[in-house]
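Okay, here's what each chain looks like letter by letter:
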Amino acid sequence: MRTFEEYERILQLWERGFNKLAISQITDIPRATVRNCIDKFETVANLEEYRSQHPSLRETNVSITMWSPEYRAAYAYLLGLYLGDGHISHVRNSHRLRISLDQRQPNILKRCVETVELIMPDKQVSINKTPSECVVVSCYTNRWLDLLPQHGKGEKHTRKIELTDWQQTIWREYPLEFFRGLYHSDGARIEPVIYNRVYPRYQFTQVSTDIQRLFAETCDLLGLHYTFWGRNFTIAKRKDVAFLDEHIGPKS
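Residues numbered from 1 in each chain as written. Predicted model: local features only at pLDDT ≥ 70, side-chain atom pairs only at ≥ 80, totals over all residues. Heavy atoms only, no water.

Description of the overall build of the protein chain
Stage number 1. Per the secondary structure count, the protein chain includes twelve helices and ten strands.
Stage number 2. Projected onto its principal axes, the C-alpha coordinates of the protein chain cover approximately 75 × 40 × 30 Å.
Stage number 3. In the protein chain, the share of contacts with a sequence separation of at least 24, taken over all contacts with a separation of at least 6, comes to 62%.
Stage number 4. Averaging the locations of the 34 positively and 31 negatively charged side chains of the protein chain gives two centres separated by 4 Å. (Helix = DSSP H or I, 4+ residues; strand = E, 2+ residues; numbered from the N terminus. Contact = heavy atoms within 4.5 Å. Lys, Arg positive; Asp, Glu negative; His and termini not counted. Charge placed at Lys NZ, Arg CZ, Asp CG, Glu CD.)

Have a look at this one:
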């Protein structure tokens, strides 16, 4: 996760004749990132041209241009988790991301921890159990304010929740991972019995109308048929349940 200013500094040094190792040492930016930046843009002029064509990225401290597919997919999943059960709070001179999960679902807990570690490899990720069956995954860094701009005062359903342009880019690339994050937060797979037959289905419950809209649009991207009543979405068509069973499965 690097800013355009950092990329500009890399390219300025490159044009002045510094080699990649020296640039990495001067800027304290990993050599792999320096190499990728130079391979992608080559010159400051090319970087500026890219910036002029992507004003939405220019207006934020987040640049997704150098994010790997693995990082982008992980971010889509984390965004879904955050919109469901995440919260950012100010603690002294830093900000803390907290994601509340069910400790009876160790696989989801493991995936959440691994995702946060991938997104913030230089930060410590902690797991805190509560007196209830809830467990909290947390990580401190001020970079959360840029990565998750949906944060704000009060509960999410009391404020507007919209994705930025760069978040929409990742969401369209990895709608299944975004769906997975929302489902792991506020979804369930159930198997009601009707006339002695089991009819498995996926459900999603959310109070925020904006997050409801995002879930519905994600289903549309994935080609999933759903019904909606009150706060609840139900995905029950056999082919859709089979698709979700193959790619996501029950929470565990």
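Considering the sheet that holds strand E8 (residues 201-205)
Neighbouring strands of a sheet are bound in pairs by backbone hydrogen bonds; such pairs are parallel or else antiparallel.
Stage number 1. Pairing is antiparallel in the open sheet, where four strands are placed in the order E5-E8-E10-E9. Single-partner strands in this sheet number two, and they are strand E5 (187-190) and strand E9 (227-229). In this sheet, adjacent strand axes meet at a mean angle of 20° when their direction is disregarded.
Stage number 2. Here E5 pairs with E8 via four bridges, running antiparallel. Bridged to alanine 188 within E8 is glutamine 203.
Stage number 3. Sitting on the sheet, helix H11 (residues 209-222) is in contact with E8, E9 and strand E10 (232-235), with an inclination near 15° to E10.
Stage number 4. In this fold helix H12 (residues 238-247) packs onto E5, E8 and E10, with an angle of close to 80° to the strand it touches most, E8. (Pairing = 2+ DSSP bridges. Axes fitted to C-alpha atoms, helices over the stretch in contact; angles between N-to-C directions.)

Observations concerning the sheet that holds strand E1 (residues 86-91)
Stage number 1. Taken in spatial order, the four strands of this open sheet run E1-E2-E4-E3, and their pairing is antiparallel. Two strands lie at the open edges of the sheet, namely E1 and strand E3 (125-129), each paired on one side alone. This sheet shows a mean twist of 25° between the axes of neighbouring strands, independent of strand direction.
Stage number 2. Inspection of the sheet shows strand E2 (residues 94-102) paired to strand E4 (residues 134-140) by seven bridges, in the antiparallel sense. In the sheet register, arginine 98 faces E4, and the bridge partner there is serine 138.
Stage number 3. Most of the contacts of helix H6 (residues 69-85) go to E2, to which it runs at about 80°, and overall it touches E1 and E2.
Stage number 4. Contacting E2, E3 and E4, helix H7 (residues 106-119) crosses the sheet at an angle of about 5° to E4.

So, the pattern of salt bridges
Stage number 1. Per the stated rule, a full pass over the model turns up 13 salt bridges.
Stage number 2. Across the pair aspartate 39 and lysine 20 runs a salt bridge, and its minimum N-O distance is 3.9 Å. Taken together, the residues aspartate 39 in helix H3 (residues 31-41) and lysine 20 in helix H2 (residues 20-27) connect sequence positions 19 residues apart.
Stage number 3. Relative accessible area serves as the criterion here: at 24%, lysine 20 is assigned to the partly exposed category.
Stage number 4. Where arginine 143 meets aspartate 122, a salt bridge forms, and the shortest distance between an N and an O atom there is 2.8 Å. Taken together, the residues span a long stretch of sequence, with arginine 143 in the loop between E4 and helix H8 (144-147) and aspartate 122 in the loop between H7 and E3 at a distance of 21 residues. (Salt bridge = Lys/Arg side-chain N within 4 Å of Asp/Glu carboxyl O. Buried < 20%, exposed > 50% of the residue type's maximum accessible area, 1.4 Å probe, protein only.)

Structural notes on the packing of aromatic side chains
Stage number 1. Scanning the model with the defined rule gives twelve aromatic pairs in all.
Stage number 2. Seen from their ring centres, tyrosine 7 and phenylalanine 41 are 6.2 Å apart, and the 40° between their planes marks the pair as tilted. Taken together, the residues tyrosine 7 in helix H1 (residues 4-15) and phenylalanine 41 in helix H3 connect sequence positions 34 residues apart. The pair formed by tyrosine 7 and phenylalanine 41 is uniform in burial state, with each residue classed as buried.
Stage number 3. Every member of this aromatic cluster is reached through a ring pair, and the members are Phe179, Phe204, Phe215, Tyr226, Phe228 and Phe233.
Stage number 4. Note that arginine 111 overlies the ring of tyrosine 77, its terminal NZ or CZ placed 5.2 Å from the centroid.
Stage number 5. Directly above the aromatic system of tyrosine 82 lies the positively charged group of lysine 156, at a separation of 4.8 Å from the ring centroid. (Phe/Tyr/Trp six-rings, centres within 6.5 Å; stacked < 30°, edge-to-face > 60°. Lys NZ or Arg CZ within 6 Å of the ring centre and 35° of its normal.)

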